[in-house]
Amino acid sequence: KMSEELEQLLSQLTQPDNAVIQQVTAQLKQAFKDPAVVPALLTLCPQVRQSAAVVLRMRVKKHWKKISPDHRESLKAMVLQAFQQETEHAVRHSLAQLSAVMVKHETPDQWPALLSLLNQSTKSNDPQDRQVGLLLLSKVVESNPEPFEPHYQQLLQLFGTVLQDLENPTALYYCMHTLTAIIAFTGSGELVVLKQKLLNPILQAVFPILSAAPPPGHEDPEDDEDDSDEDSESPKHVAGQVIDTMALHMPPEKLFGHLMPLIQACLASENPYERKGGLMCMAVLAEGCADHIRTKMLSSMLQTVCQSLSDSNQVVRSAGLFALGQFSEHLQPEVSKYHAELMPLLLGYMSSLYQAKMLHVTKAFYALENFLENLDENIQPYLPTLMETMLSALSNSDNLRLKELTVSAIGAIANAAKEMLVPYFPPVIESLKGFLTDTKDEMRALQIQALDTLSVLARTVGKDIFRPLAAECVQLGLNLSDVVDDPDLRRCTFSLFSAVSTVSPECLTPHLTAITTTMLMSLKSTEGVMQFVLLDDDEDEEEGTGDIVLEGESEEDGPDVAGFSVENAYIDEKEDACDALGELAFNIGVAFQPFLESSFEQVYALHDFPHEDVRKSAFAAMGQFCRAQHKVWQENPFSLSAGLHKLLGVVLPCFLEAVRQERERQVVMAVLEAMNGVIKSCQGEALQTPGRLTEICHAIRDVLKKKTVCQDGDADDEDDEQEAEYDAMLQEFAGEGIPLLASAVPAETFLPYLNDLLPLIMNKAKSSCTVADRSFSVGTIGETLHSLVGVAGGRGVAGRLSNRLLPVLVAGVKDSDAEVRNNSVYALGTLAEAAGPIVASDYPTMLSLFSNLLSKESDRRVIDNLCAALCRMILSNVAGVFPVLVAQLPLKEDLEENKTVYRCLVFLYSHSPVLNAMLVLLQSMSQHHPQEFEAAMMSLPVEERTRITSAFSQS
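Residues numbered from 1 in each chain as written. Predicted model: local features only at pLDDT ≥ 70, side-chain atom pairs only at ≥ 80, totals over all residues. Heavy atoms only, no water.

As annotated in an unreviewed UniProt entry, the protein chain carries the name Importin N-terminal domain-containing protein and comes from Denticeps clupeoides.

Here you go:
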């Protein structure tokens, strides 16, 4: 009876009705109240057994220490018994995950029955028993690889046997997942000896799988046109993941030393699948070994890939295209410098593709799009052929998938070409409009891509070109969202409306009621949302709280809050609705005001939504709403600021709470970015509330000191390298707030906080710190000094700080890394400008330092910033610098600093004899750029040309 009742309850959880969900939740809570019930459920029907295993896992994860030793032992025995008796894969998988959580608390040596079961099952003569044992092994080792270290050599012997059994792909799959976990663990720190022992045996075992031919009459999944399961992971895919993990966790020189002989042997083979294996291996190395490949191997590896594109076998050509796509994704910007070699190959390839299999065509477009992404103005010589190929595919092919890929590629081309795409704009638009007015179901994927590309065109081809079409595009989007009920399509219409708002906000105004209604319905909707409350056994816990599992992420990492399981399409829809509402509010301005309050309420309600991407978008939109309200208030000076301050009074405390308490680092980054945007736009208005400046500075300090919840080592299961990378990014976002605050309040007001924060920044400039930390440190100092230039009392504060900052910046100018030198030069220039005469006694030191740097510096960006620093010194009335400056002009890379150069020239012409300054500049131009100077002279009237020549002869 219990089984039937619970089955009925669980089946009702798919209903979108909130009343049903609440009723079922209450009944489940009652059923799971008794701790003795859940183990009993492991004997009932499969759906209940799986739910019971998940509930137990959640309880064990959070409350293991509260369970008595006797109870623990009985629980361990019960779980292993249930695992051995289980016949349903889904339940077995959940029980393996439960065992993995228990291993996190109980080392394998404290659970001899587990080791015995693993030993017995993985060595069984029965393939099914081996498969089940390897599933359990993969889960427990993935959860906690360290205590299994004494067993690694034994495991390697086992893997050597399993990996030869190509007839049991599922066993191979679990085996390689376990290998991946071991490699990731041994990649961290003091185990550089064990890695060397493991490396060669692992490669010898994995490489034959990566390069194996499929059974006769079959193809690999990635080459099989009839394989509809695109997300399936074959043993070959997992073998690639093993190599990928090695690339991420092992020194590239050592890894390449072992790998290259294997790769070269494969590439030279007569067997096309071995050639494919060599290319696939090169492809998966691109991310983890990016720096090594970029600096030492890019040319030779690209040459190999280019040769593969003309291979006689399509399987090899497909692998080459995949490798090129991976290189284009992970080896930028260096790979784009080879456009002259690669683009003709790709263009020739694309022109002959349309009779090929679609899987092959898909890889070709993948390679093309990734390569185009960073091409920018270098796309120009290839644009006519590219667009001819694309337009031909749209006009002449009946294949909807090919048209979808082509439309996507046009978006990538537009991102690179921008206004250069204008000559091709009319035929592209006509094709897109045709796709968007055909509402047949089979057109859906093509329509979604057409909307995405239309959004890209709105943002890239230029306002004057797109504006005449803006109203029609809005109507197309509205018509589609009325007729078609599809979350992906609605999401794309939201993005289209956002893009149009950057070009012609006024054309959206008549439709704002319809547009915002649809977006708010998407935010409120429970469609596609399944609530499944997994309850704690804490009696004192608040009613209705519990744990959740989200589709689309691993169950092990499900967040410990009450919540939902959300299908990906609906997550994306909510995410894009938040983004669109924020952008519409900012771009449309006053006309959006009637919709601001209701939009804000719905977005705010999602700031604690279970899925992190939705939370990120909600926080970003809240920041946009504040900026939008400030912009409206600025443009209408007679309006009251009460609405702005009411909004800031809700949003900023919400941001600050999230910085302290949010568990996901990437969400905190989004919060800090949104808060920085609000401070930058609203300036002092954001800081009027008493104590607000203190709270924000304390939040920044907490991030810099790694005192927030998301920086707690127990907050998630990320490995050390990823944790360090995320912490560095977090601190950069926090550090960006310091110069923004410095520009928003009087310098004397900010000085106590600056004195508190500066030591934390300066500590990262030590030579023992990473390049990223040193660059961040001196860069933040430079931006903060730059902010002090424009605020009341800034000169005095900069002068007081100079003695502390100067040694740090001088050391930075001598750094071995060009980016650190660049930021240090910039910071010295801003110090000279901010402090002015107060640091006059330090000018000789600065000039001597710059002179020495100029004599040996080869990085042009550093030289450009040095020019800007000299300009800033001139602005502070430092004499004798102008000839040195002019000799290095014009700027060649950091063109953003041209405005500093022009400001300096204007200052000179207004504060010194015009003729002398002009002559120095002209003489330098004639010496360094004689042809251009002569051409400019010849374009002048004779009288003016004579005057300049005469002045030259007299000087």
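Continuing now.
> An account of the overall build of the protein chain is requested, with residue identities and associated values reported.
When helices and strands are counted, the protein chain shows 43 helices and two strands. With 955 residues in all, the protein chain has 54% of them scored as buried. For the protein chain, restricting intrachain contacts to residue pairs at least 6 apart in sequence, the fraction spanning at least 24 positions comes to 71%. (Helix = DSSP H or I, 4+ residues; strand = E, 2+ residues; numbered from the N terminus. Buried < 20%, exposed > 50% of the residue type's maximum accessible area, 1.4 Å probe, protein only. Contact = heavy atoms within 4.5 Å.)

> Please set out a negative patch on the surface residue by residue, giving values where relevant.
Together, E673, E732, E736, E783 and E819 give the surface a local cluster of negative charge. Secondary-structure assignment places E736 in helix α32 (residues 720-742). With a relative accessible area of 43%, E736 lands in the partly exposed category. (Patch = residues over 30% accessible without salt bridge, like charges linked within 9 Å, V, L, I, M, F, W, Y side chains within 5 Å. Areas by Shrake-Rupley, 256 points an atom, 1.4 Å probe, with all protein chains shown as cover. Salt bridge = Lys/Arg side-chain N within 4 Å of Asp/Glu carboxyl O. Lys, Arg positive; Asp, Glu negative; His and termini not counted. Charge placed at Lys NZ, Arg CZ, Asp CG, Glu CD.)

> So, helix α20 (residues 400-417): which residues are in play, and what are the values?
Relative to the 26 Å expected for 18 residues at 1.5 Å per residue, α20 spans 25 Å between its end C-alpha atoms, a close match to the ideal helical length. Burial runs high along α20: 15 of the 18 residues are buried. Put simply, N399 is the residue that caps the front of α20, since its side-chain oxygen is 2.9 Å from the backbone nitrogen of R401. (Expected span 1.5 Å × (residues − 1). Polar contact = N/O pair within 3.5 Å; in protein donor to acceptor, adjacent residues only side chain to side chain.)

> Quick one: what's the story with the side chain of S787, residue by residue and with numbers?
Tracing the backbone shows S787 in helix α34 (residues 771-788). For S787, a relative accessible area of 12% gives the class buried. Beyond its immediate chain neighbours, meaning those up to four positions away, S787 contacts P739, A742 and S743.

> Quick one: what's the story with the side chain of S143, residue by residue and with numbers?
Secondary-structure assignment places S143 in helix α8 (residues 127-143). With residues up to four places along the chain from it excluded, the contact list for S143 reads A100, V103 and K104.

> Could you give an account of the pattern of salt bridges, with specific residues and numbers?
Two side chains that carry opposite charge are able to pair once their charged atoms sit near each other. One pass over the structure, following the stated rule, counts 31 salt bridges. Across the pair D756 and R701 runs a salt bridge, and its minimum N-O distance is 3.6 Å. Taken together, the residues span a long stretch of sequence, with D756 in helix α33 (residues 747-762) and R701 in helix α31 (residues 692-704) at a distance of 55 residues. The class of R701 is partly exposed, set by a relative accessible area of 21%.

> Please provide a residue-by-residue account of the confidence of the model for the protein chain, values included.
Considering every residue of the protein chain, the mean pLDDT works out to 83; 86% of them sit at 70 or more. Confidence drops under pLDDT 50 across residues 714-718; counting only partners more than four residues distant or on other chains, this segment forms 13 contacts. (pLDDT = per-residue confidence, 0-100.)

> Before we move on, can you summarise the packing of aromatic side chains with the specific residues and values?
The final tally for this structure, using the stated rule, is seven aromatic pairs. Taking the centre distance of 6.0 Å and the plane angle of 55° together, the rings of F592 and F595 count as tilted. Residue classification places F595 among the buried positions, given a relative accessible area of 17%. The structure contains a cluster of three or more aromatic residues connected by ring pairs, namely F600, Y604 and F625. In this structure, K631 is placed above the aromatic ring of F586, and the distance from its NZ or CZ to the ring centre is 4.5 Å. (Phe/Tyr/Trp six-rings, centres within 6.5 Å; stacked < 30°, edge-to-face > 60°. Lys NZ or Arg CZ within 6 Å of the ring centre and 35° of its normal.)

> An account of the environment of A458 is needed here, citing residue identities and associated values.
Tracing the chain through its elements places A458 in helix α22 (residues 444-460). With near-sequence residues (within four places) excluded, A458 lies in contact with F466, A499 and V503.

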